[in-house]
Structure formats: structure tokens, C-alpha cells
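# Report on the structure
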Amino acid sequence: MPEQKRIDPRAIRSRKMLKNAVFSLLTEHMEISQLTVQKIANRAELNRATFYLHYEDINDLLRQIVHEIFDDLSMKVEPLLQVTSNDEQQQLVTFLNYFYEYRSIFAVLVEHPGFKTHLTNLLKSTIEKRRGERNISSTGRVASVDIVAASLLGIIIWWIKEDTEYSAEYIADQITLMYKRRYL
């Protein structure tokens, strides 16, 4: 059996520090276009050479951050696909809490069209799978997947960008009331 290569804990720590530096800078309302390797390295209290050990450039770092976000979101969405679960409301709250926890980052990232498109596609895919599991057809009086996904995305963006005091539980309740489990 081939020996697995062990990842150096210092490398893990450095990557985490660099990602946290990006989050910190973006939460200060810095635009993505204003990020520089020097600003990120300074915030992480690392040098530029350490940055380049782990990432080709800022776009590489941002790409990896976005991939991690969508991996996490996919894991949060997975339980929502189990329509037989009795705990759907709590699963929706867990999904929304992820957005709330990283709301300052999402508020910046949703301005990027590619990120918004990817997020819309994730929501559409989730809705389609849930409808398939429930044998809900997209004909008749049922709202189209595009409309439902756009409205859910609009709610999430409004919630994270307006810095409201509404809890994930409240937003989940409103979404549930709005759709009355017919469209999702």
C-alpha cells in the first residue's frame, strides 16, 4: 500500500492564516480588486514568499476559497435533499446559518457574476432534486425552478447585505411560509 504524503501542519496553518486575512480585509468593505499580495501577507503576519509557496496569485487564492465555500455549501444542502426527513426546518436553518456566519464574505462575493451564477445553479439543482423526490412537476401552477431559485437567492442576498438582525430561524420560517412546501 503506498504511503500517504503527510501535509505539513505549518502549511495548513499558513493557508488558514492567508484565507483569514482575505476574509478580514473583505469584511472591512475592501473591494476584491483592491486586494494585493502584500496586504494579505501583512494581515496574515506572513511574508510574500510564504504566500507564493501556497498560491500562484490572488486569483488562485480566491478560486480555492470559492471552491471550499461551494464544497461546504454542498454539504449543507445535502440533508435538504432528503425530503423524508422530519427535520427539514432545522436543515434549512443550518444551511442559512452558513450564509449568516460568512455574510460579510458572501456580501462581497455575490457581486461577482460567476459566483452568483454558481450559487444560482446550486439552488436550482437542489430545487430540482427536491421536486423530483416529491414528484412535483414544473407544469401548471407550480413556479418554475428559475423563479424559485432567483427568489431564494434574492432573499439570501438581501438578508446578508442589509445586515439585518433577523435570525436564520426567522428567515427559514419566512421561506417555509412563502413556499408552503409546494415549490421546494
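Remember, predicted model here, so these are calculated numbers, not experimental data. (Residues numbered from 1 in each chain as written. Predicted model: local features only at pLDDT ≥ 70, side-chain atom pairs only at ≥ 80, totals over all residues. Heavy atoms only, no water.)

### Observations concerning the overall build of the protein chain
So the rule is basically this: Comment: elements are numbered from the N terminus, with helices defined as DSSP H or I runs of at least four residues and strands as E runs of at least two. For each residue, the accessible area found with a 1.4 Å probe, counting protein chains only, is set against the maximum for its type, and the residue is called buried under 20%, exposed over 50%, and partly exposed in between. We call two residues contacting when some pair of their heavy atoms lies within 4.5 Å.
When you go through the protein chain residue by residue, the secondary structure sums to 9 helices and 0 strands. The N-to-C order of helical and strand elements in the protein chain reads α-α-α-α-α-α-α-α-α. In the protein chain, which comprises 184 residues, the proportion classed as buried is 40%. Of the contacts made within the protein chain by residues no fewer than 6 positions apart, 61% connect residues no fewer than 24 positions apart.

### Focus on the pattern of salt bridges
Where charged atoms from two side chains of opposite charge approach closely, those side chains can pair. The line we're drawing: For salt bridges, the criterion is a side-chain nitrogen of Lys or Arg within 4 Å of an Asp or Glu carboxyl oxygen.
Taken as a whole and judged by the stated rule, the model has 5 salt bridges. The partner of Lys19 in a salt bridge is Glu68, and the shortest N-O contact between them spans 2.1 Å. In this pair, Lys19 sits in helix H1 (residues 9-27) while Glu68 sits in helix H4 (residues 58-77), placing the two residues 49 residues apart along the sequence. On the basis of relative accessible area, Lys19 is assigned to the buried category, the value being 12%. Given a relative accessible area of 36%, Glu68 falls into the partly exposed group. For Glu111, the salt bridge is made with Lys161, and the minimal N-O distance between the two is 2.0 Å. Of this pair, Glu111 sits in the loop between helix H6 (103-109) and helix H7 (113-134) while Lys161 sits in helix H8 (residues 145-161), placing them 50 residues apart in sequence. What makes Lys161 partly exposed here is its relative accessible area of 37%.

### With respect to helix H2 (residues 37-44)
We count it as follows: It is the directions from the helix axis to the C-beta atoms that the arc portrays.
Every buried residue of H2 is listed here: Val37, Ile40, Ala41 and Ala44. All buried residues of H2 lie within an arc of 95° about the axis, which places them on one face of the element. Looking one or two residues past H2, Glu45 carries a phi angle of roughly 60°, positive in sign.

### Focus on the confidence of the model for the protein chain
Put simply, the test is: Known as pLDDT, the predictor's per-residue confidence is scaled from 0 to 100.
Per-residue pLDDT for the protein chain has a mean of 84; in total, 88% of the residues score no lower than 70. Averaged pLDDT values over the elements of the protein chain bottom out at 82 in H6 and peak at 96 in H2.

### Considerations on unusual backbone geometry
Phi is positive for Glu45, close to 60°, though the residue is something other than glycine. When its relative accessible area of 72% is taken as the criterion, Glu45 is described as exposed.

### Notes on the nonpolar core
Soluble globular proteins tend to bury their nonpolar side chains together. Test applied: Take the buried residues of types Ala, Val, Leu, Ile, Met, Phe, Trp, Tyr and Cys, join any two whose side-chain atoms come within 4.5 Å, and each joined set is a nonpolar core.
In terms of nonpolar packing, the biggest core is built from 55 residues, with Ile40, Leu73, Phe95 and Leu96 touching the most fellow members. At the level of secondary structure, the elements contributing two or more residues to this core comprise H1, H2, H4, helix H5 (88-101), H6, H7, H8 and helix H9 (168-179). No other element matches H8, which puts 10 residues into this core. The residues contacting Ile40, other than those within four sequence positions of it, are Leu18, Ala21, Val22, Leu25, Leu35, Phe51, Ile58 and Leu61.

### What to know about the packing of H1 against H4
What describes two packed helices is the angle between their axes and the distance between those same axes. Rule in force here: Orientation is described by lines fitted to C-alpha atoms, with helices fitted over the stretch in contact, and by angles between N-to-C directions that extend from 0 to 180 degrees. Angles below 35 degrees are treated as roughly parallel, those above 145 as roughly antiparallel, those between 65 and 115 as roughly perpendicular, and all remaining angles as oblique. We call Asp, Glu, Lys and Arg charged. Ala, Val, Leu, Ile, Met, Phe, Trp, Tyr, Cys and Pro are nonpolar, and the rest, Gly among them, are polar.
It is at 11 Å that the axes of H1 and H4 come closest, and there the two elements cross at 90°. With respect to H4, the axis of H1 lies roughly perpendicular. For the pair formed by H1 and H4, the contact residues are Lys19, Val22 and Phe23 on the first element and Leu61, Leu62, Ile65 and Glu68 on the second. Of the residues contributing to the contact of H1 with H4, the split by class is 5 nonpolar, no polar and 2 charged.

### Side note on the packing of H4 against H5
Our working definition: Left-handed is the label given to a crossing in which the near helix is rotated counterclockwise from the far helix by less than a right angle, and right-handed is the label when the rotation is clockwise.
Where H4 meets H5, the closest approach of the two axes is 9 Å, and the angle between their N-to-C directions is 160°. By the criterion of interaxial angle, the relationship of H4 to H5 is roughly antiparallel. The two elements H4 and H5 cross, and the hand of that crossing is right-handed. Residues Glu68, Ile69, Asp72, Leu73, Lys76 and Val77 of H4 pack against Thr94, Phe95, Tyr98 and Phe99 of H5. For the contact of H4 with H5, a count of residues per class yields 6 nonpolar, 1 polar and 3 charged.

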